[in-house]
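Spelled out, the chains give:
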Amino acid sequence: MTKIKACIFDLDGVIVDTAKFHYIAWKELANEMGFDFTTEDNERLKGVSRMTSLDILLSIGKIEKSEEEKLAMATKKNENYVTYILKMGPEEILPGTKEFLDTLKKEGIKIALGSASKNAMTILERLELTHYFEAIIDGTKVSKAKPDPEVFLKGAQALGVQPENCVVFEDAEAGVEAALAGGMKCVGIGNAAILGKAHLVVDGLHQMNMQKLYTLNN
Ligand code: BG6
Ligand code: MG
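Residues numbered from 1 in each chain as written. Chains lettered and ligands numbered in written order. Predicted model: local features only at pLDDT ≥ 70, side-chain atom pairs only at ≥ 80, totals over all residues. Heavy atoms only, no water.

This part takes up the site of ligand 1. Not every one of the 14 residues close to ligand 1 is listed here, only the nearest: Asp12, Val48, Ser117, Lys118 and Asn119. Within the complex, 96% of the 400 Å² of free accessible area of ligand 1 lies under protein. For ligand 1, the cavity whose grid points lie within 2 Å of the majority of its atoms is the largest pocket. Partitioned by chemical class, the residues of the shell around ligand 1 number four nonpolar, six polar and four charged. (Near = heavy atom within 4 Å. Areas by Shrake-Rupley, 256 points an atom, 1.4 Å probe, with all protein chains shown as cover. 1 Å grid on protein atoms, 1.4 Å probe; cavity = no way out; pocket = protein on both sides within 12 Å on 5 of 7 lines; lining within 4 Å. Sits in = over half its atoms within 2 Å of the grid points. Nonpolar A, V, L, I, M, F, W, Y, C, P; charged D, E, K, R; others polar.)

Here you go:
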């Protein structure tokens, strides 16, 4: 008897590489304030909410801003970021994603999205992937950021599946922690040294298949 009834996918870094666009937009903001922002710094923003990302950026530049100023800066960064994501198309989908989603559909496994991004709907539309997802829980629907499990628990609830019957796919350490805190199985996408707490770590969805998924039954 298989326990796995649903898969919940993080978006950024799992289905599409948006980190490069976040990086350009945050770097522009940093440069305007007179400091540099490296790709290494950008790693710290993966899986982190927009406002927390800004706080990290400001701490790197040792700059303090009022809440009002911070809101204006986050809005400006987002407007810049959105110009990049609006240019994206299905060619930006990471390798193996569509094939794996098709397999899951065929096998009757339910599919949800669990992302911190408030731009998730726009991105899914641009990638022409919206129709795969029976439930979409994004940054507009949660009040607690990963590693809190809220985003994934809401996804499971929307699908009508118990958390222990869900597998989460995540590229960020905080996301792996969120999945485990929610009582779910987790597949880490990326570096095993960072995502070691996950039940399984793969380089990308191109390495996933039903056989590997079902090893998580145990
Ligand atoms: C996460 C990204 O998925 O979404 C983070 O990994 C990003 O880097 C966060 O900060 C919020 O995204 P957005 O699109 O709402 O600014
Ligand atoms: Mg991610």
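Don't stop here, the text continues.
What follows covers the coordination of the magnesium ion (ligand 2). Those donors, Asp10 (OD), Asp12 (O) and Asp171 (OD), are the protein atoms that reach the magnesium ion (ligand 2), and they lie 2.0 to 2.1 Å from it. Each donor residue of the magnesium ion (ligand 2) belongs to the same chain, with the gaps between them written as D-x1-D-x158-D. Judged by its relative accessible area of 18%, Asp12 falls in the buried class. (Donors = N, O, S within 2.8 Å, 3.2 Å for Na, K, Ca; no water. Buried < 20%, exposed > 50% of the residue type's maximum accessible area, 1.4 Å probe, protein only.)

Moving on: the domain arrangement of the protein. Per the domain assignment, the segments of the protein are domain 1 (6-16 + 92-217) and domain 2 (19-85). Listed by partner, the interface residues are ten residues for domain 1 and ten residues for domain 2. Approximately 790 Å² of surface area, both sides summed, lies buried where domain 1 meets domain 2, with 52% of it carried by carbon and sulfur atoms. Inspection of the region where domain 1 meets domain 2 yields one salt bridge. The closest approach of N and O atoms between Lys20 and Glu92, which form a salt bridge, is 3.1 Å. For the pair domain 1 and domain 2, the number of links is two residue pairs in polar contact (both at pLDDT 80 or more). Here the side of domain 1 that touches domain 2 is built from residues that sort into three nonpolar, two polar and five charged. (Domains from an automatic or database assignment. Contact = heavy atoms within 4.5 Å. Buried area = accessible area lost by both parts, 1.4 Å probe. Salt bridge = Lys/Arg side-chain N within 4 Å of Asp/Glu carboxyl O. Polar contact = N/O pair within 3.5 Å; in protein donor to acceptor, adjacent residues only side chain to side chain.)

Quick look at the nonpolar core now. Grouped together as the largest cluster of nonpolar side chains are 37 residues, with contacts concentrated most on Phe9, Ile15, Leu104, Leu129, Phe133, Phe169 and Leu213. The element best represented in this core is helix α6 (residues 120-127), accounting for four residues. Both of domain 1 (6-16 + 92-217) and domain 2 (19-85) provide at least three residues apiece to this core. Counting residues in hydrophobic clusters, the runner-up holds 19 residues, among them Ile8, Ala135, Ala156 and Val176. (Core = buried A, V, L, I, M, F, W, Y, C linked by side-chain atoms within 4.5 Å. Helix = DSSP H or I, 4+ residues; strand = E, 2+ residues; numbered from the N terminus.)

Moving on, we get to the pairing of strand β1 (residues 6-9). Look at any regular strand and the pattern is simple: side chains alternate between the two faces of the sheet. Burial along β1 is two-sided: the face carrying Ala6 and Ile8 and the face carrying Cys7 and Phe9 are both buried. The sheet contact formed by β1 and strand β2 (residues 110-114) spans four bridges and is parallel. Residue pairing in the sheet places Ala6 in a bridge with Lys110 of β2. As judged from the four bridges shared by β1 and strand β4 (residues 166-170), these two strands associate in the parallel manner. Its bridge partner lying in β4, Phe9 is registered against Phe169. (Pairing = 2+ DSSP bridges.)

Let us look at the layout of surface pockets. If you add up the space inside the largest pocket, you get close to 680 Å³. Lining the largest pocket are 39 residues; nearest its centre among them are Val48, Ser49, Arg50, Ala116 and Ser117. Looking at the lining of the largest pocket, the elements that each hand over two or more residues are α1 (19-32), α3 (50-60) and α4 (67-85). Sort the elements by how many residues they give to the lining of the largest pocket and α4 lands first, with six residues. When the residues that make up the lining of the largest pocket are grouped by side-chain class, the tally is 14 nonpolar, 14 polar and eleven charged. Here the lining of the largest pocket gathers at least three residues from each of two domains, domain 1 (6-16 + 92-217) and domain 2 (19-85). When its volume is computed, the second largest pocket comes out at roughly 280 Å³. Glu43, Lys46, Asp171, Ala172 and Ile189 are the residues nearest the centre of the second largest pocket, which is lined by 16 residues in total. Considering only residue class, the lining of the second largest pocket consists of seven nonpolar, three polar and six charged. For the lining of the second largest pocket, the domains that each give at least three residues are domain 1 (6-16 + 92-217) and domain 2 (19-85). (Points joined across faces, edges and corners; volume = space filled by probe spheres on them.)

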